[in-house]
Amino acid sequence: MNKTFLSRHLLIVVSLCCLNSCIYSDLGRTIGSIGTEIPRIVPKATTPQKKDVYIGRLYRMGQRYFVELPMVWVPERRKGYEYLPVLTISKDTWNSIETYNRPYTAMELNQYKPTPIYFEATKLYTGHDPFGKDFITRFKQRDKYGALGIVSAELQPATDFDPKKAEKMGLYGIDGAPNCIGHLEKRHTAVYTYLQPVQMVARVIDIPLSLVLMPLSTPIIISAYEADWEWAVPYWDYSRPCSIPLLPLYPNKKETN
């Protein structure tokens, strides 16, 4: 085979990979997940529509507002292959919120002991207030989860915040709570360090495997969607970096019933 033949077919493979949702090999990151812990914000509950409900404690210091959320560290889990979507609202295509790695459920996260993490509610967001009058929406009475209202604001880390010096305003539903921990690094044990050479080899192996899997998996995924095969439909992991930072929104009254 000449170089022109190889180049042409490589271009076809790459084009197929870019233009279609597909599956790629993720052995390297899967081995890297062994001995690795990741942070997660703990939901209060899950609605009948399977939407997680995030509740935080709101504080005020003068004209500034702060939010306290419960956070836990959990083992990272990957299954050796991953989903690559055609279009995504993720900031990182290779770490899309559409994933074959099942996210932790509210029940699973509530089995861990949480620690409080603090954020300043800074930028106004009009998720629940289309007129942008206020980033705090107050209810006439508490909802079924104990929330007095909804905070729709971008949350910035506030590591120096002292809740003892602030005014407590009660519990509020928090828009986009899972998205606010992107600044935290993963935690690793000694096992992760020992497996790094194996991880590096696996990452190299991922390249040829992906070049085979990506074009071959595309028609399978398309057929699976048409046949409504649940195994082919990816999960949505809202804790991953997203270009719409306040997803998911706190559920409305209809969803909480």
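Conventions and cut-offs
Residues numbered from 1 in each chain as written. Predicted model: local features only at pLDDT ≥ 70, side-chain atom pairs only at ≥ 80, totals over all residues. Heavy atoms only, no water. Core = buried A, V, L, I, M, F, W, Y, C linked by side-chain atoms within 4.5 Å. Buried < 20%, exposed > 50% of the residue type's maximum accessible area, 1.4 Å probe, protein only. Helix = DSSP H or I, 4+ residues; strand = E, 2+ residues; numbered from the N terminus. Phe/Tyr/Trp six-rings, centres within 6.5 Å; stacked < 30°, edge-to-face > 60°. Patch = residues over 30% accessible without salt bridge, like charges linked within 9 Å, V, L, I, M, F, W, Y side chains within 5 Å. Areas by Shrake-Rupley, 256 points an atom, 1.4 Å probe, with all protein chains shown as cover. Salt bridge = Lys/Arg side-chain N within 4 Å of Asp/Glu carboxyl O.

This part covers the nonpolar core. With 22 residues, the main nonpolar core has Ile-41, Leu-58, Leu-69, Val-151, Leu-155 and Ile-174 as its most contacted residues. Sorting elements by how many residues they give to this core places strand 6 (residues 64-75) first, with five residues.

Bringing the packing of aromatic side chains into the picture now. In the structure shown here, the tally under the stated rule is eight aromatic pairs. Ring plane angle 80° and centroid distance 4.9 Å describe the contact between Tyr-24 and Trp-94, whose orientation is recorded as edge-to-face. Separated by 70 residues along the polypeptide, Tyr-24 in strand 1 (residues 22-25) and Trp-94 in the loop between strand 7 (81-84) and strand 8 (98-99) bring together distant segments of the chain. Relative to Tyr-100, the ring of Tyr-83 has its centre 5.4 Å away and its plane inclined at 80°; by these criteria the two rings are edge-to-face. Of this pair, Tyr-83 sits in strand 7 while Tyr-100 sits in the loop between strand 8 and helix 3 (106-109), and the two are 17 residues apart along the sequence. Residue class for Tyr-100 comes out buried when judged on its relative accessible area of 4%.

The next subject is a nonpolar patch on the surface. Taken together, the side chains of Leu-27, Val-201, Ile-205, Leu-209 and Leu-213 make up a nonpolar region of the molecular surface, amounting to roughly 360 Å² of accessible area. In terms of residue count, helix 5 (residues 196-227) provides more of the nonpolar patch than any other element does, four residues in total. By the secondary structure assignment, Leu-209 is in helix 5. Under the relative-accessibility criterion, Leu-209 is labelled partly exposed at 35%.

For the rest of this paragraph, the subject is the pattern of salt bridges. For the structure on display, the rule yields 13 salt bridges. Note that Arg-64 and Glu-120 form a salt bridge whose closest N and O atoms lie 2.9 Å from each other. Here Arg-64, found in strand 6, pairs with Glu-120, found in strand 9 (residues 115-124); they are 56 residues apart in sequence, far enough to count as distant. What makes Arg-64 partly exposed here is its relative accessible area of 44%. In this structure, Arg-78 engages Glu-76 in a salt bridge whose closest nitrogen and oxygen atoms are separated by 3.3 Å.

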